[in-house]
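# Descriptive structure summary
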Amino acid sequence: MAATAFPYTEQSPVSAVTEDPVLGRAARLVVPLNRGYFHGKTLGELSLTWYSHIDPRMTVTVINDLHSRAERGEPVFFEIYSGEEQARDPSLKDTGLFFFKGRKDAPFALCLAGGGFAYVGSIHYSFPHAYTLAGHGYNAFALIYRPDAREALQDTARAFLHP
């Protein structure tokens, strides 16, 4: 099957991304898990609570980049907790690192989205930052953490310790 370079547009349904089989389990983590914090049915309409400066073109660019790299077999998402840990605490399934590849052996950046510890606004905050940093050669990661202050700190520490 030939790779589709840019499957998403501003008219693409948000659900097409959150159910993208190429992104696999990580697809559901692209937008806030708590559906009450995002609105809009398409990527162009997508808005998050507390985010007013949204560039739909950047949203589409970032999602297409993740999809295209995953389709080529490149790593785009890393678990930060083992399957055993996730089985003991199912909330750990709602965490992980999206990876934006820079130059080999370049420094890395860890980007954390805002959301007032009510949700994780990566799609409009840390994804564009990580994508831009990767474009400058840095290896950038966007952390999807649990939206609780204490748990978010635990997830951040775990992301730094991730092998």
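Let me sum up the structure you'll find in this document. (Residues numbered from 1 in each chain as written. Predicted model: local features only at pLDDT ≥ 70, side-chain atom pairs only at ≥ 80, totals over all residues. Heavy atoms only, no water.)

## A look at the pattern of salt bridges
Formally: Basic side-chain nitrogens of Lys or Arg form a salt bridge, by our definition, when they fall within 4 Å of a carboxyl oxygen of Asp or Glu. Starting at the N terminus, helices and strands are each numbered in turn, a helix being any DSSP run of H or I of at least four residues and a strand any DSSP run of E of at least two. Each residue's exposure class comes from its accessible area (1.4 Å probe, protein chains only) as a fraction of the maximum for that residue type: buried when under 20%, exposed when over 50%, partly exposed otherwise.
In this structure the tally under the stated criterion is ten salt bridges. When the shortest N-O distance is used, the salt bridge between Glu84 and Arg88 registers 3.1 Å. Of this pair, Glu84 and Arg88 are both found in helix 3 (residues 83–88), four residues apart, which corresponds to roughly one turn of the helix. A single burial state applies to Glu84 and to Arg88, both of which are exposed. Here the residues in one salt-bridge network are Asp89, Arg146, Glu151 and Asp155, joined through shared partners.

## Considerations on the sheet that holds strand 3 (residues 77–78)
Under the convention used in this document: For two strands to pair, DSSP has to find at least two bridges joining them. Should any heavy atoms of two residues lie within 4.5 Å, those residues are considered in contact. Interaxial angle, 0 to 180 degrees, is taken between N-to-C directions of lines fitted to C-alpha atoms, where a helix line uses only the stretch in contact.
The four strands are arranged 3-4-6-5 in an open sheet whose pairing can be described as mixed. Across the chains shown, the open sheet's two edge strands, defined by having one partner strand only, are strand 3 and strand 5 (108–112). Direction of pairing for strand 4 (residues 96–100) relative to strand 6 (residues 139–144): antiparallel, over a ladder of five bridges. Paired with Leu97 across the bridge in strand 6 is Leu143. Packed onto the sheet, helix 4 (residues 126–135) meets strand 4, strand 5 and strand 6 and runs at close to 165° relative to strand 5. Sheet strands touched by helix 5 (residues 149–161): strand 4, strand 5 and strand 6. Its angle to strand 5, the strand with the most contacts, is close to 160°.

## Observations concerning the side chain of Thr42
For the record, the criterion: Contacts described as polar in this section are N or O atom pairs within 3.5 Å, which, within protein, must combine one atom able to donate a hydrogen with one able to accept it, while residues neighboring in sequence count only if both atoms come from side chains.
Secondary-structure assignment places Thr42 in the loop between strand 1 (38–39) and strand 2 (47–48). The exposure class assigned to Thr42 is buried, which follows from its relative accessible area of 17%. Reaching out from Thr42, the side chain makes a polar contact with the backbone oxygen of Glu10 at a distance of 3.3 Å. Those residues within four positions of Thr42 in sequence are excluded, and the remaining contacts are Glu10, Gln11, Ser12, Pro13 and Val14.

## A word on the environment of Lys93
Mapped onto the secondary structure, Lys93 falls in the loop between helix 3 and strand 4. Residue classification places Lys93 among the partly exposed positions, given a relative accessible area of 38%. Placed 65 residues apart in sequence, Lys93 and Arg28 show a C-alpha to C-alpha distance of 11 Å. Residues contacting Lys93, with those up to four places away along its chain left out, are Arg25, Arg28, Leu29 and Gln86.

## Notes on the side chain of Gln86
Tracing the sequence through the fold places Gln86 in helix 3. Reaching out from Gln86, the side chain makes a polar contact with the side chain of Glu79 at a distance of 2.9 Å. Those residues within four positions of Gln86 in sequence are excluded, and the remaining contacts are Glu79, Tyr81, Leu92 and Lys93.

## Some details on the pairing of strand 4
Within strand 4, five of the five residues are buried, which leaves the element mostly enclosed by the surrounding structure. Alternating positions in strand 4 separate into two faces, Gly96, Phe98 and Phe100 on one and Leu97 and Phe99 on the other, with burial throughout. Note: strand 3 against strand 4, two bridges, orientation antiparallel. Within the sheet, the bridge partner assigned to Phe78 lies in strand 4 and is Leu97.

## Looking at the packing of aromatic side chains
Here is the rule we go by: Note on ring pairs: Phe, Tyr and Trp rings are taken, using the six-membered ring of Trp, and paired if centres are within 6.5 Å. Classes follow the plane angle, with under 30 degrees stacked, over 60 edge-to-face and the rest tilted.
Summed over all chains, the structure comprises eleven aromatic pairs. For the ring pair Tyr37 and Tyr119, a centre distance of 4.8 Å and an interplane angle of 20° mean the geometry is stacked. Of this pair, Tyr37 sits in the loop between helix 1 (14–18) and strand 1 while Tyr119 is found in the loop between strand 5 and helix 4, placing the two residues 82 residues apart along the sequence. Under the relative-accessibility criterion, Tyr37 is labelled partly exposed at 21%. Each ring, one from Phe78 and one from Phe99, has its centre 6.0 Å from the other, and the planes form 65°; the classification is edge-to-face. In this pair, Phe78 sits in strand 3 while Phe99 sits in strand 4, placing the two residues 21 residues apart along the sequence. By relative accessible area, Phe78 is classed as partly exposed at 28%. What links up through ring pairs into an aromatic cluster is the set Phe78, Phe99, Phe108, Phe141 and Phe160.

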